[in-house]
Amino acid sequence: MLRFLTAGESHGEALVSILEGMPSGLKIDAGDINKDLKRRQEGYGRGARMQIESDQVKILSGLMKGETIGSPIAILIENKDFSMAELPAVKNPRPGHADMTGILKYGFKDARCVLERASARETAARVSIGAICKILLAEFNIDIFSRVLMIGGVKSEKLMKEKINEAAKSKNTLGGIFEVIIKGVPPGLGSYVHWDRRLDAAIGRALMSIPAVKAVEIGNAVECSAKPGSEVHDEIFYSKEKGIYRKTNNAGGVEGGISNGEDIITRGYMKPISTLMSGLNTIDIDTKKQVKASTERSDVCAVPAAGVVGEAVSSFVIARAFLEKFGGDSIAEVTRNYKGYIAGLKM
Ligand code: EPS
């Protein structure tokens, strides 16, 4: 089974990831991983930290002459800003952040112990894992994209930038919506037979695990919840040229917890970043007096970055489901299994 772990704090020495379960024989170009890391760092509304970091991977294990050998792939991303031990204690937990819940849960007197790991910096590690999954999926013509649909209630690029400028000026933050589109997924990934094998549930969980994502939509679920079934379900057609096909894709590529061969389309809804330079009401955790929340250097808006992270976590889920279905220890074996299944579908 494909699985991974990440470790590392936002201002610690480095982020570390281990990806286990990749078959042998897959060519990995670190440049492809670095491209996604760069995309994650960009986007209008990012803070000063992104000018400090230039995320690059060092692949420590799992490859021989640039090809996977089936052993765990260990990845290192160094932090340029690793000032963790010198940074001030954080006594005024930010509403909406993990500060307060983390303090209560782990028994800290300083939210820095929480925020260093709760920080969205960890998503750089997940983007590196997702980039390797994308390389696997590309072998089978599966492509993943993302785009920003809305920021702060507006939809055109010009208005989104204006909104971000306004928010920065008024010491505020913004959330929004990103969309992830996955093309080329064969029918048959995931299953209806048990809750934890449903592909839509796995995608939903992965997207919800991105910091600040508070809702996930698959296909046109929100709009469809107000419509009758006759206007929602994607009718099934067949032609010799196309095989089985649909004229609509309201389901977003998943029916009964199984991919149906259409594009998988999901949306992540991100709440505004919880570090507000204006400071919301909170308490001092020592004195319990009412104070303004701590302000840290932060981003005004990170929806474009979240879209890139959305691609990464979705790539992992699809790669895992793909290997579950077509499993093998080498790319050659996975390819044989995949081709045999696809040929069977056409009969
Ligand atoms: C983050 C706060 C900011 C963001 C950071 C997430 O970092 P800093 O406190 O160092 O300015 O830039 O995001 C990243 C570092 C990243 O790589 O995405 C937070 O508190 O979550």
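What you see is a predicted model, and the numbers here were worked out from it, not measured in a lab. (Residues numbered from 1 in each chain as written. Predicted model: local features only at pLDDT ≥ 70, side-chain atom pairs only at ≥ 80, totals over all residues. Heavy atoms only, no water.)

Asks: A description of the site of the ligand should follow, citing residues and the corresponding values.
Replies: Surveying the vicinity of the ligand reveals the residues His-11, Arg-40, Arg-46, Arg-49, Met-50, His-97, Ser-119, Ala-120, Arg-121, Arg-297 and Asp-299. Between the ligand and His-11, the relevant distance is 2.5 Å, taken from an oxygen atom to a side-chain nitrogen or oxygen of the residue. Asp-299 has a polar side-chain atom sitting 3.3 Å from an oxygen atom of the ligand. Protein chains shield 93% of the accessible area of the ligand, which is 470 Å² for the free molecule. Its residues assigned to classes, the shell around the ligand comprises 2 nonpolar, 3 polar and 6 charged. (Near = heavy atom within 4 Å. Polar contact = N/O pair within 3.5 Å; in protein donor to acceptor, adjacent residues only side chain to side chain. Areas by Shrake-Rupley, 256 points an atom, 1.4 Å probe, with all protein chains shown as cover. Nonpolar A, V, L, I, M, F, W, Y, C, P; charged D, E, K, R; others polar.)

Asks: An account of the packing of aromatic side chains is requested, with residue identities and associated values reported.
Replies: Per the stated rule, a full pass over the model turns up 9 aromatic pairs. On the basis of an interplanar angle of 45 degrees and a centroid distance of 4.7 Å, the ring pair of Phe-140 and Phe-322 is categorised as tilted. Here Phe-140, found in the loop between α5 (123-139) and β7 (143-151), pairs with Phe-322, found in helix α9 (residues 303-326); they are 182 residues apart in sequence, far enough to count as distant. Across the pair, Phe-322 and Phe-140 agree in class, each one buried. Each member of the aromatic cluster is reached from another via a ring pair, and the members are Phe-140, Phe-322, Phe-326, Tyr-338 and Tyr-341. Between the NZ or CZ atom of Lys-105 and the centre of the ring of Tyr-106, over which it lies, the distance is 5.5 Å. Against the face of Tyr-245 rests Lys-242, its NZ or CZ located 4.1 Å from the ring centre. (Phe/Tyr/Trp six-rings, centres within 6.5 Å; stacked < 30°, edge-to-face > 60°. Helix = DSSP H or I, 4+ residues; strand = E, 2+ residues; numbered from the N terminus. Buried < 20%, exposed > 50% of the residue type's maximum accessible area, 1.4 Å probe, protein only. Lys NZ or Arg CZ within 6 Å of the ring centre and 35° of its normal.)

Asks: Kindly report on the nonpolar core, identifying the contributing residues and their values.
Replies: Soluble globular proteins: nonpolar side chains tend toward being buried together. Residues Met-22, Leu-199, Ile-318 and Phe-322 are the most contacted members of the largest nonpolar core, which totals 67 residues. In terms of residue count, α9 provides more of this core than any other element does, 14 residues in total. Ignoring any residue separated from it by four or fewer positions in sequence, one finds Leu-199 in contact with Leu-189, Gly-190, Ser-191, Val-254, Gly-257, Ser-259, Ile-264, Val-317, Ile-318 and Ala-321. By size, the runner-up hydrophobic cluster in this structure holds 6 residues, among which are Val-90, Ala-111, Val-114 and Ile-285. (Core = buried A, V, L, I, M, F, W, Y, C linked by side-chain atoms within 4.5 Å. Contact = heavy atoms within 4.5 Å.)

Asks: Help me get a handle on helix α1 (residues 30-41), residues and values and all.
Replies: Across its 12 residues, α1 extends 17 Å between first and last C-alpha, which sits within 8% of the 16 Å expected from 1.5 Å per residue. The inward-facing, buried residues of α1 contact α2 (49-52), β3 (57-61), β6 (73-78), α5 and α9. Among the residues of α1, the N-terminal cap falls to Asp-29, whose side-chain oxygen and the backbone nitrogen of Gly-31 are separated by 2.8 Å. Once α1 ends, the next one or two residues include Gly-43, with phi positive near 105 degrees. (Expected span 1.5 Å × (residues − 1).)

Asks: Tell me about a nonpolar patch on the surface, residues and numbers included.
Replies: A surface patch of nonpolar side chains, about 400 Å² in accessible area, is lined by Ile-236, Tyr-238 and Ile-244. Summarising the element assignment, Ile-244 is placed in strand β11 (residues 243-246). (Patch = residues over 30% accessible without salt bridge, like charges linked within 9 Å, V, L, I, M, F, W, Y side chains within 5 Å. Salt bridge = Lys/Arg side-chain N within 4 Å of Asp/Glu carboxyl O.)

Asks: Any details on the sheet that holds strand β14 (residues 264-270)? Residues and values, ideally.
Replies: If you trace the 4 strands from one edge of the open sheet to the other, you get β7-β8-β14-β9, paired in antiparallel fashion. Both outer strands of the open sheet, β7 and β9 (213-218), are each paired with one neighbouring strand and no more. Ignoring which end each strand starts from, the neighbouring axes of this sheet average 20 degrees apart. In the sheet, strand β8 (residues 176-183) pairs with β14 via 7 bridges, with the strands oriented antiparallel. Residue Val-180 lies in a different strand from β14, and its bridge partner there is Thr-266. (Pairing = 2+ DSSP bridges. Axes fitted to C-alpha atoms, helices over the stretch in contact; angles between N-to-C directions.)

Asks: Go over helix α6 (residues 157-169), please, and point to the residues and values.
Replies: Taking 1.5 Å as the rise per residue, α6 with 13 residues should run 18 Å; its terminal C-alpha atoms sit 18 Å apart, in good agreement. Where α6 is concerned, the buried positions are Met-160, Ile-164 and Ala-167. Buried positions in α6, seen along its axis, are confined to an arc of 65 degrees and lie on one side of it. Facing away from the buried side of α6 by over 90 degrees, the exposed positions are Lys-158 and Lys-169. (Arc of directions from axis to C-beta.)

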